[in-house]
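So the chains spell out like this:
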Amino acid sequence: MLRSIFIYLSQADWARQLITRWGFSWRAASRFIAGEDLDDAIRVVKALHTRNINATLDHLGEHTSNPEKARQATSEIIEILERIDREGVRSNVSIKLTQIGLAVDENLCADNLNRILYTAVDLNTFIRIDMEDSPWVDKTLKLFRLMQERYNCENIGIVIQSYLYRSSEDVSDLLQAGSRIRLCKGAYDEPKEIAYPKKSEVDANFDRIVGQLVSGSLANHTPTLSEDGKIPPIPAIATHDEKRVIFTKQHIGKSGYPKQAIEFQMLHGIRRDLQENLAAEGYPVRVYVPFGSEWYPFFMRRLAERPANLWFFLSNFFR
């Protein structure tokens, strides 16, 4: 119930206008968000490096409403790629296609994505296309496949959500092209007709897809994390659920699968202890570092995910 409420609030303009006016909201959100500008994010990335952890920069924004804003977002993403190159940090970039115009015009979005990937290939870095809620899944996969065919598949990856019934089939198809896949559980409120309604079912599907990703990686010559930390291996396991982490470690341990050919991914501000333990054990760890003024929807989804995040928010309310 609480999850559905916060997912609704993440999309409600009236709630955004109300909650973002409360000073304590930013105090709570700043646990998960590096800051409002790129300089803040780069400082966080460099601090992660001191803990032997790589990063993905995520300039927050989604559902851009006009072509001008979509082109502006595209230029800002290209600026991030260029800044990463100048700073020499071990980071790549995550984007949402609705941020660069998918909700405005599919051809506009394709043109903007093409500009971004041209820069990513030129700088030999990596773009992860995030997955949004179900109305955008087919269009997102369509554009991903188009760009993967056009460019070197090492420079682009996709996200798959284990709560969707279709995800195992999508993964099988994507692995045939050697796609780099970030597996997460899913952060939206989807109907039971297309998504597993129970956490136990989502978890079970997550574990099944981990097995698919490892097998698919072996079939694609088991690429490992690039030396500069920018290009990830095929399986990126994105979870803060320690049981899913343990399952993944046990699964690859049985087969002798190399640690450098899998990556654990987590969000900034969540389970720092688990991040550091995995890095100390020799696994590649990547933390998603979100930044920007459009932090409200991201923050609401973080509250929807875990009760601990909600209590953190409420403690700031009464502070």
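Cut-offs and rules
Residue numbers run consecutively from 1 along every chain, following the written order of its sequence. For this predicted model, a pLDDT threshold of at least 70 governs which residues receive local features, and a threshold of 80 or more governs which side-chain atom pairs are given and counted, while totals over whole chains, interfaces and linings are taken from all residues. Each side-chain value is worked out from all heavy atoms of the structure, with water and hydrogens disregarded. Where helices are involved, their axes are fitted lines through C-alpha atoms of the stretch in contact, as for all axes, and angles between N-to-C directions lie from 0 to 180°. Secondary structure elements are defined from DSSP: runs of H or I of at least 4 residues count as helices, runs of E of at least 2 residues count as strands, and each element is numbered from the N terminus. Every angle not falling under 35 degrees, over 145, or within 65 to 115 is termed oblique; those three ranges are roughly parallel, roughly antiparallel and roughly perpendicular. By the convention used here, residues are in contact when the closest approach between their heavy atoms is within 4.5 Å. Put simply, Ala, Val, Leu, Ile, Met, Phe, Trp, Tyr, Cys and Pro go in the nonpolar bin, Asp, Glu, Lys and Arg in the charged bin, and everything else, Gly too, in the polar bin. Residues belong to a common nonpolar core when they are buried Ala, Val, Leu, Ile, Met, Phe, Trp, Tyr or Cys residues joined through side-chain atoms within 4.5 Å. Three labels apply to residues, based on accessible area from a 1.4 Å probe with only protein chains included: buried if under 20% of the type maximum, exposed if over 50%, partly exposed otherwise in between. Here a strand pair is declared whenever DSSP counts at least two bridges between the two strands. Crossover handedness is defined by viewing with both strands directed away from the observer: a clockwise path from the first strand over the helix to the second marks the crossover as right-handed. Surface patches are drawn from residues lacking salt bridges whose relative accessible area is over 30%; two like charges belong together within 9 Å, two nonpolar side chains (Val, Leu, Ile, Met, Phe, Trp, Tyr) within 5 Å. Note on areas: these come from Shrake-Rupley sampling with a 1.4 Å probe, and a residue is covered only by the protein chains present in the view. For salt bridges, the criterion is a side-chain nitrogen of Lys or Arg within 4 Å of an Asp or Glu carboxyl oxygen. The positive count covers Lys and Arg only, the negative count covers Asp and Glu only, and His and the chain ends enter neither. Taken as the charge location is NZ of Lys, CZ of Arg, CG of Asp or CD of Glu. Within 6.5 Å between ring centres, the rings of Phe, Tyr and Trp (the latter by its six-membered ring) count as paired, and their orientation is classed by plane angle as stacked under 30 degrees, edge-to-face over 60, tilted in between. Throughout this description, a polar contact denotes any pair of N or O atoms lying within 3.5 Å of each other; where both atoms belong to protein, one of them has to be capable of donating a hydrogen while the other can accept it, and for residues adjacent in sequence the pair is counted only when both atoms sit in side chains.

Caption draft 1: Focus on the packing of helix H5 (residues 67–87) against helix H6 (residues 106–122). With their axes 9 Å apart at the nearest point, H5 and H6 run at an angle of 10 degrees to one another. Relative to H6, H5 is oriented roughly parallel. Each of Pro-67, Ala-70, Arg-71, Thr-74, Ser-75, Ile-77, Ile-78 and Leu-81 in H5 lies in contact with H6, whose residues at this interface are Leu-108, Asn-112, Arg-115, Ile-116, Thr-119 and Ala-120. Among the residues forming the contact of H5 with H6, the class breakdown is 8 nonpolar, 4 polar and 2 charged.

Caption draft 2: Geometry of the nonpolar core. In this structure, Leu-57, Ile-95 and Val-289 are the most contacted members of the largest nonpolar core, which totals 77 residues. Once residues lying within four places of it in the same chain are set aside, the contact partners of Leu-57 are Leu-38, Ala-41, Ile-42, Val-45, Ile-80, Ile-84, Ser-91, Asn-92, Val-93, Ser-94, Val-289 and Phe-291. Counting 13 residues, the second largest nonpolar core, distinct from the first, contains Ala-28, Ala-29, Ile-33 and Tyr-288.

Caption draft 3: Representation of the pairing of strand S5 (residues 180–184) in the model. A large share of S5 lies buried, amounting to 5 of its 5 residues. Covered by surrounding structure in S5 are Arg-180, Arg-182 and Cys-184 together with Ile-181 and Leu-183, the residues of both alternating faces. Bridge analysis of strand S4 (residues 156–161) against S5 gives 5 bridges, and the strand direction is parallel. Considered in S5, the bridge of Ile-158 is made with Ile-181. Of the crossover connections in this fold, the one passing from S4 over helix H8 (residues 167–175) to the parallel S5 is right-handed.

Caption draft 4: Molecular detail of a negative patch on the surface. On the surface, a cluster of negative charge is contributed by Glu-79, Glu-82, Asp-85 and Asp-122. Counting residues per element, the negative patch draws most heavily on H5, which supplies 3 residues. Among the secondary structure elements, Asp-85 is positioned in helix H5. The exposure class assigned to Asp-85 is partly exposed, which follows from its relative accessible area of 37%.

Caption draft 5: Examining the packing of aromatic side chains more closely. Inspection of every chain in the model, using the stated rule, returns 2 aromatic pairs. Where Tyr-165 meets Tyr-196, the ring centres are 4.7 Å apart and the plane angle is 85 degrees; that geometry is what we call edge-to-face. Placement of Tyr-165 in the loop between S4 and H8 and of Tyr-196 in the loop between S5 and helix H9 (199–219) is noted, with a sequence separation of 31 residues between them. Their ring planes at 85 degrees and their centres at 5.4 Å tell us that Phe-264 and Tyr-283 sit as a pair that is edge-to-face.

Caption draft 6: Looking closely at the side chain of Thr-119. Turning to its location among the elements, Thr-119 is positioned in helix H6. Given a relative accessible area of 12%, Thr-119 falls into the buried group. Separated by 3.3 Å, the side chain of Thr-119 and the backbone oxygen of Arg-115 make a polar contact. Contact partners of Thr-119, with chain neighbours within four places excluded, come to Ile-78 and Leu-81.

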